[in-house]
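Structural overview
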Amino acid sequence: MRMRVLLLGKSSLLGRALNVQAAVEDIEFLTLDDEPAQWQPEEIAGWLEYLSPDAVVDLSFYHQQFQVLAPAAEALAQHTRFAEQLIAECSQRDLLLCMLSNTRVFDGSKGQPYTEKDPLQPIGLHGEQQAALDTLLEQRCRRHLLLRFSWVLDASEGGMLQRLVSQLCSEQTVVLAEEWRGNPTTVADAARVVLSALKQLDCTAELYGCYHYASGEMASWISFARTLAQELVSCGQIEREPGIEPVAFETQPAAALEPRNAVLSGRRLLYTFGIKPRTWRIGLPELLN
């Protein structure tokens with residue numbers, strides 16, 4: 001890769017997956033020797049001056065964006081301050097800035113998959129914060145890549161996948177919301193998408209903008225849970241599949257924090273970058289081992 005790409009968040013699970021895949025292709029990212037425990041906006045200018053990147057991939061708050069159900073207000077404020085300063089610094093230097101977005105920027109009332117043309121109608125404080133950052137990036141940074149994902153699955157303790165695994169392993173009937181739909185996406189697949197897009201932008205293609213990635217098969221949370229239970233039985237973590245009791249989506253804590261419909265259309269990404277969707281099923285065994 002000709003671009004010098006600074007990867008912020010190399011220690012996140014998505015950052016690690018991205019580094020592993022890049023290494024296979026002899027691609028090496030610029031990184032901070034020691035990533036801070038708290039990302040401070042006043043340090044950004046020094047990093048950019050010292051490392052002189054052509055592009056920045058920001059995964060600094062990946063875990064909070066995709067794995068934490070209800071981030072604290074102070075954590076959201078910290079992310080906002082850091083992202084706003086990063087956008088300003090990259091805009092001033094005309095650097096390519098790649099950031100991530102999630103489906104909380106939509107209220108979930110649409111009956112069809114969300115496209116990049118749908119207006120942002122965020123749900124909850126997390127959604128409002130994400131929508132504001134998405135808008136700021138598109139307004140301020142000429143050279144930007146905004147990649148929006150639905151349900152990103154990783155092995156992080158307390159993350160989206162592990163919360164469900166804990167329920168399924170509890171030996172009790174599992175209560176899950178009906179009609180909660182999305183695109184399950186393994187962290188390795190998300191890394192593949194980020195790397196594939198960067199490689200094409202490295203070829204001087206000015207394909208800036210917002211793009212949705214939709215894995216090869218949408219699912220309801222209940223159907224995903226049943227598939228996950230089968231995998232847990234296969235790998236010996238549970239003896240038999242637990243009973244699942246469907247309940248109304250509105251009765252669940254996630255209803256105030258997550259859109260009922262989190263399904264995305266990845267058509268624009270496919271047609272522009274040629275990045276084909278992959279099914280989430282093939283990546284489940286690796287996440288559970």
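The structure contained in this document is the topic of the report that follows. Here the residue index of a chain counts from 1 through its sequence in written order. In keeping with the model being predicted, local features are shown solely for residues with a pLDDT of at least 70 and side-chain atom pairs are shown and tallied solely at 80 or more, while totals for entire chains, interfaces and linings include all residues. The basis for every side-chain value is the complete set of non-hydrogen atoms in the structure, without hydrogens or water.

1. Digging into the overall build of the chain
Each helix is a run of DSSP H or I of at least 4 residues and each strand a run of E of at least 2, with the numbering of both proceeding from the N terminus. A tally of helices and strands in the chain yields ten helices and twelve strands. Whereas a compact globule of 289 residues would reach a radius of gyration of roughly 19 Å, the chain reaches 19 Å, a difference of no more than 12%. Counting only C-alpha atoms, the chain reaches 55 × 40 × 40 Å along its principal axes. Here the chain holds 289 residues, and the buried ones make up 52% of them. Any two residues whose heavy atoms approach within 4.5 Å at even a single point are treated as in contact. Within the chain, residue pairs in contact and separated by at least 24 positions form 81% of the contacts whose partners lie at least 6 positions apart. Here the globule rule reads 2.2 Å times residues to the power 0.38, and the radius of gyration is calculated from C-alpha atoms. Only protein chains enter the accessibility calculation, which uses a 1.4 Å probe. A residue is then buried if its area is under 20% of the maximum for its type, exposed if over 50%, and partly exposed in between.

2. Observations concerning the pattern of salt bridges
Each reported salt bridge corresponds to a side-chain nitrogen of Lys or Arg within 4 Å of a carboxyl oxygen of Asp or Glu. Scanning the entire structure with this criterion turns up twelve salt bridges. The salt bridge partner of K199 is E25, with a shortest N-O separation of 2.7 Å. Placement of the pair is K199 in helix α7 (residues 187-201) and E25 in the loop between α1 (13-24) and α2 (44-51), with a sequence separation of 174 residues. Accessibility expressed as a relative area gives 33% for K199, which makes it partly exposed.

3. Considerations on the sheet that holds strand β10 (residues 219-220)
Strand order in the open sheet formed by three strands is β10-β7-β12, with mixed pairing between adjacent strands. Here the strands that pair on one side only, and so sit at the sheet edges, are β10 and β12 (261-262). Taken together, the two bridges between strand β7 (residues 181-182) and β12 define a ladder with parallel strand orientation. When the bridges of β12 are listed, G182 appears paired with A262. By the convention used here, strands pair only if DSSP detects at least 2 bridges between them.

4. Overview of the pairing of strand β3 (residues 96-102)
Within β3, seven of the seven residues are buried, leaving the element largely enclosed by the surrounding structure. Sheet topology places strand β2 (residues 55-58) next to β3; three bridges connect them, and they run parallel. When the bridges of β3 are listed, V56 appears paired with L97. With six bridges joining them, β3 and strand β4 (residues 144-149) adopt parallel strand pairing. Across the sheet, C98 pairs through a bridge with L145, a residue of β4. Seen with its strands pointing away from the viewer, a crossover is right-handed if its path from the first strand over the helix to the second goes clockwise. One crossover worth recording links β3 to the parallel β4 by way of helix α5 (residues 124-140), and it is right-handed.

5. Examining the packing of aromatic side chains
Each aromatic ring pair is summarised here by two numbers: the centre-to-centre distance and the angle between the ring planes. Geometry of aromatic contacts follows a simple scheme: Phe, Tyr and Trp rings, the Trp one being its six-membered ring, pair when their centres are within 6.5 Å, and the pair is stacked under 30 degrees between planes, edge-to-face over 60, tilted otherwise. Summed over the entire model, instances satisfying the criterion amount to 15 aromatic pairs. On the numbers, 6.3 Å between centres and 50 degrees between planes, the contact of W47 with F82 is tilted. Within this pair, whereas W47 is found in helix α2, its partner F82 is found in helix α4 (residues 73-93), the two being separated by 35 residues in sequence. Each member of the pair W47 and F82 is classed as buried. Among the aromatic residues, ring-to-ring pairing joins W151, W180, W221, F224, F249 and W280 into one connected group. Note on geometry: a ring has a charge over it if NZ (lysine) or CZ (arginine) is within 6 Å of the ring centre and within 35 degrees of the ring normal. Stacked on the ring of Y211, the Lys or Arg R268 has its end atom at 4.2 Å from the ring centre.

6. Digging into unusual backbone geometry
Both trends apply: most residues other than glycine have a negative phi, and most peptide bonds are in trans. One non-glycine residue with positive phi stands out, namely S52, at about 50 degrees. Locating S52 in the fold gives a position in the loop between α2 and β2. The phi torsion at D94 lies on the positive side, around 55 degrees, for a residue other than glycine. For D94, the position within the fold is in the loop between α4 and β3.

7. Looking at α5
For a helix, the expected span equals 1.5 Å multiplied by the number of residues minus one. The first and last C-alpha atoms of α5 sit 24 Å apart over 17 residues, in line with the 24 Å expected at 1.5 Å per residue. Looking only at α5, the buried set comprises H126, G127, Q129, Q130, A131, L133, D134 and L137.

8. Considering the side chain of N183
Tracing the sequence through the fold places N183 in the loop between β7 and β8 (184-186). Under the relative-accessibility criterion, N183 is labelled buried at 2%. When near neighbours in sequence (up to four residues on either side) are disregarded, N183 contacts S150, W151, A214, S215, M218, A262, V263 and L264.

9. Observations concerning the sheet that holds β2
Taken together, five strands build an open sheet; the order of strands is β1-β2-β3-β4-β9 and the sheet is parallel. The outermost strands of the open sheet, each flanked by one partner alone, are β1 (5-8) and β9 (209-212). Here the strands of the sheet are splayed against their neighbours by 20 degrees on average, with no regard to which way each runs. Relative to β4, α7 is tilted by about 160 degrees, and along the sheet it contacts β2, β3 and β4. A fitted line through C-alpha atoms serves as each axis, taken over the contacting stretch for helices, and the angle formed by two N-to-C directions is quoted from 0 to 180°.

10. Comments concerning the packing of α1 against α7
Packing of α1 against α7 leaves a shortest axis separation of 8 Å and a crossing angle of 60 degrees. By the angle class used here, α1 and α7 are oblique. As α1 packs across α7, the resulting crossing turns out to be right-handed. Between α1 and α7, the contacting residues are L13, L14, A17, L18, Q21 and A22 on the first element and V187, A188, A190, A191, R192, V194 and L195 on the second. Under the convention adopted here, Pro, Cys and the residues Ala, Val, Leu, Ile, Met, Phe, Trp and Tyr are nonpolar, Asp, Glu, Lys and Arg are charged, and Gly plus all remaining residues are polar. In the contact of α1 with α7, the residues fall into eleven nonpolar, one polar and one charged. Roughly parallel refers to an angle under 35 degrees, roughly antiparallel to one over 145, roughly perpendicular to one between 65 and 115, and oblique to any angle outside these ranges. By definition, any crossing whose near helix is turned counterclockwise from its far helix by less than a right angle is left-handed, and any crossing with a clockwise turn is right-handed.

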